[in-house]
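Each chain, written out:
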Amino acid sequence: MTKPTGPIPDGFASDRDYMLLIGGRRADDLAAEAGDTPLFVYDMALVDRRVARFRAAFPGVDLHYAMKANPHPGVLRHMLAQVDGIDLASGGEMRTAIAAGGDPRRMSFAGPGKRDSELEAAIAAGVTINLESEGEAGRALLIAERRGVMPRLAVRVNPDFELKGSGMRMGGGAKPFGLDASRVPALVRRLVEAGAEWRGFHIFAGSQALSPDALIEAQRASVALAADLAEKAGAEPPLVNLGGGFGIPYVHGDQPLDIAPIGEELTQNIGNRPQALARSQFAIELGRWLVGECGVYLTRVLDRKYSQGKTFLVVDGGMHHQLAASGNFGQVIRRNYPVAIATRFGTPAEEQVSIVGCLCTPLDILADDVMMPCADVGDLVAVFLAGAYGLTASPQAFLSQHPAGEVVVNPAV
Ligand SMILES: *Cc1c(COP(=O)(O)O)cnc(C)c1O
């Protein structure tokens, strides 16, 4: 039985030779210039379109980039010029972002389990720490006191609601992330009394939502929660980070997210905001929606073989670079990502094949029972949606396989 592939994102076409173009460049030329495959290619022109769509839909709302989606320095440098803030998930990301020229005062650092050395580096640099617990708050205040500086601290709230239909729920119930809402006002008062610069709230309810209604509802609940907590704490939050959760279509049947109605609702909601948030700035933090579709993973066919009536294309890449496409990155059921033969892009599908990686495990599947043009040894396979949670979210050391390269096309800087 043939299985469908996910929808190929907008912005990809072929030239007259049926060669896939990525950011206007031929896939085979990109691979030749890199000198090797597998290769991740990131087209920044596609990211710029995303940013422009966000700006049009959310006037006056800050846009943050969650850099764990793609921390490649070239991608990051480009993002620094396009967004209002960078959301960090580790001290390592902080070092990368500062080295790329980012302003620490436009960075915030979330994540359970921050080391003292990471808190210290953030405080020294002026990065806002999104506190995940009272214990972490205590450590941060102590470090700041020892250094004699005023730390920039925000409080991450574990919301008592969830982002419905989200691929990864981060709120609603017992969670290791943030403080339960009922504990937040007391911590805010403690931070203010300790003389910290209190930066506001961070409320992240989930990821990978494709329903505008679910996102509208989560944002409405987040604004209401922020207002309630601000009132109870008796302090006005300078910034309310509403989280993100904007998803992208990965598999057959997924529909692209229309952000226009979400922006309309939020704009209206902010216009009528409660008094407790009268002077607050609002931010949305996004990863995959900004960069997911800009990336293509190119991998070369090494072998073409048959087994009991099935045709396999064996490629020089696999799950060690693109774990999510193999279906092993938190998915319950494996479904095919958008995949194509890059060197025969737009030619008719002629045969049913399975495209498998070079790892010696049955988990290493990039496309299962899909219809493709006939491909042979040397052809390039393109796995789309490789711009977010690709290389750095994959077990690169597994089987000590050949490493992947990364190139950025159409960078602004
Ligand atoms: C991972 C993460 C994001 C980004 O999620 P995407 O689904 O890539 O948009 C944003 N905020 C926080 C707190 C995260 O942990």
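Caption draft 1: Examining the domain arrangement of the protein chain more closely. With domains assigned, the protein chain is organised as domain 1 (13-42 + 293-409) and domain 2 (71-286). On a C-alpha basis, the centroid separation for the pair domain 1 and domain 2 is 35 Å. Counting each side, the surface lost to burial between domain 1 and domain 2 is near 840 Å², with a carbon and sulfur contribution of 72%. The largest per-residue losses of area from domain 1 upon contact with domain 2 belong to E293, L385 and V408, which jointly make up 40% of the total buried on that side. Inspection of the domain 1/domain 2 interface yields zero residue pairs in polar contact (both at pLDDT 80 or more). Its residues assigned to classes, the side of domain 1 that touches domain 2 comprises five nonpolar, two polar and three charged.

Caption draft 2: Quick look at the side chain of N70. With respect to the helices, strands and loops of the structure, N70 is situated in the loop between β5 (62-66) and α3 (73-82). Among the polar contacts made by the side chain of N70, one reaches the main-chain carbonyl oxygen of G387 at a distance of 2.9 Å. The contact partners of N70, leaving out residues within four places of it in the chain, are Y42, Y65, V75, V291 and G387.

Caption draft 3: The arrangement of the site of the ligand in detail. Taken together, A66, K68, H202, F204, S207, E285, L286, G287, R288 and Y389 make up all the residues around the ligand. The contact in question runs from an oxygen atom of the ligand to an N or O atom on the side chain of K68, over 2.8 Å. In this structure, an oxygen atom belonging to the ligand sits 2.9 Å away from a main-chain N or O atom of G287. Along the lines of polarity and charge, the residues of the shell around the ligand split into four nonpolar, three polar and three charged.

Caption draft 4: How the structure looks around the pairing of strand β12 (residues 197-203). In terms of residue burial, β12 counts as a mostly covered element, since six of its seven residues are buried. Alignment of strand β9 (residues 152-158) against β12, held across six bridges, turns out to be parallel. Within the sheet, the bridge partner assigned to L153 lies in β12 and is W198.

Caption draft 5: Representation of the pattern of salt bridges in the model. Counted under the stated rule, the structure contains 25 salt bridges. Put simply, D84 and R55 hold a salt bridge, and the shortest N to O gap is 2.8 Å. In this pair, D84 sits in the loop between α3 and β6 (85-88) while R55 sits in helix α2 (residues 44-57), placing the two residues 29 residues apart along the sequence. The exposure class of R55 is partly exposed, given its relative accessible area of 31%.

Caption draft 6: The arrangement of the packing of helix α7 (residues 184-193) against helix α8 (residues 212-233) in detail. Look at α7 against α8: their axes get within 8 Å of each other, and the N-to-C directions meet at 55°. By the angle between their axes, α7 is oblique relative to α8. α8 is crossed by α7, and the crossing has right-handed handedness. Note on element contacts: α8 touches α7 through L229, K232 and A233, opposite V184, P185, V188 and R189.

Caption draft 7: Structural detail: the packing of aromatic side chains. Enumeration over the complete set of coordinates arrives at 10 aromatic pairs. Aromatic pair F40 and Y297: ring centres 4.7 Å apart, planes at 40°, arrangement tilted. One end of the pair, F40, is in strand β4 (residues 39-43); the other, Y297, is in strand β16 (residues 295-307), and 257 residues separate them in sequence. Neither residue differs from the other here; F40 and Y297 are each classed as buried. One aromatic cluster in this structure is built from F54, F58, F246 and W289. Just above the ring of W289 sits the side chain of R50; from NZ or CZ to the centre is 4.7 Å. The ring of F109 has K114 lying over it, and the distance from NZ or CZ to the ring centre is 5.4 Å.

Caption draft 8: Just the sheet that holds strand β2 (residues 20-22), in detail. Read from one edge to the other, the open sheet built from three strands follows the order β1-β2-β3, with strand pairing classed as antiparallel. Each edge of the open sheet is held by one strand with a lone partner, namely β1 (13-14) and β3 (25-26). Bridge analysis of β1 against β2 gives two bridges, and the strand direction is antiparallel. Note on β2: the bridge partner recorded for S14 is L20.

Caption draft 9: The arrangement of the side chain of D379 in detail. Considering the arrangement of structural elements, one finds D379 in the loop between β20 (365-372) and β21 (380-384). Using a relative accessible area of 8% as the deciding quantity, one classes D379 as buried. At a separation of 2.5 Å, a polar atom in the side chain of D379 contacts the side chain of T343. Other than its neighbours up to four places away in sequence, D379 contacts T299, R300, V301, I341, T343 and R344.

Caption draft 10: The arrangement of the packing of helix α6 (residues 134-147) against α7 in detail. At a closest axis distance of 11 Å, the pairing of α6 and α7 adopts a crossing angle of 5°. With respect to their mutual orientation, α6 and α7 come out roughly parallel. Of the residues in α7, those touching α6 at E134, A137, G138 and L141 are L187, R190 and L191. When its residues are assigned to classes, the contact of α6 with α7 shows four nonpolar, one polar and two charged.

Caption draft 11: Fine view of empty space enclosed by the protein. Tallying each qualifying case throughout the model produces two cavities of 30 Å³ or more. If you go around the largest cavity, the residues you meet are L163, I203, F204, A205, G206, L215, A218, Q219, S222, L242, G243 and G244. With four residues, the top contributor of residues to the lining of the largest cavity is α8. Split into classes, the residues belonging to the lining of the largest cavity amount to seven nonpolar, five polar and no charged. If you add up the space inside the second largest cavity, you get close to 50 Å³.

Each value, and the rule that gives it
Residues numbered from 1 in each chain as written. Predicted model: local features only at pLDDT ≥ 70, side-chain atom pairs only at ≥ 80, totals over all residues. Heavy atoms only, no water. Domains from an automatic or database assignment. Buried area = accessible area lost by both parts, 1.4 Å probe. Polar contact = N/O pair within 3.5 Å; in protein donor to acceptor, adjacent residues only side chain to side chain. Nonpolar A, V, L, I, M, F, W, Y, C, P; charged D, E, K, R; others polar. Helix = DSSP H or I, 4+ residues; strand = E, 2+ residues; numbered from the N terminus. Contact = heavy atoms within 4.5 Å. Near = heavy atom within 4 Å. Buried < 20%, exposed > 50% of the residue type's maximum accessible area, 1.4 Å probe, protein only. Pairing = 2+ DSSP bridges. Salt bridge = Lys/Arg side-chain N within 4 Å of Asp/Glu carboxyl O. Axes fitted to C-alpha atoms, helices over the stretch in contact; angles between N-to-C directions. Parallel < 35°, antiparallel > 145°, perpendicular 65-115°, else oblique. Left-handed = near helix turned anticlockwise from the far one by under 90°. Phe/Tyr/Trp six-rings, centres within 6.5 Å; stacked < 30°, edge-to-face > 60°. Lys NZ or Arg CZ within 6 Å of the ring centre and 35° of its normal. 1 Å grid on protein atoms, 1.4 Å probe; cavity = no way out; pocket = protein on both sides within 12 Å on 5 of 7 lines; lining within 4 Å. Points joined across faces, edges and corners; volume = space filled by probe spheres on them.

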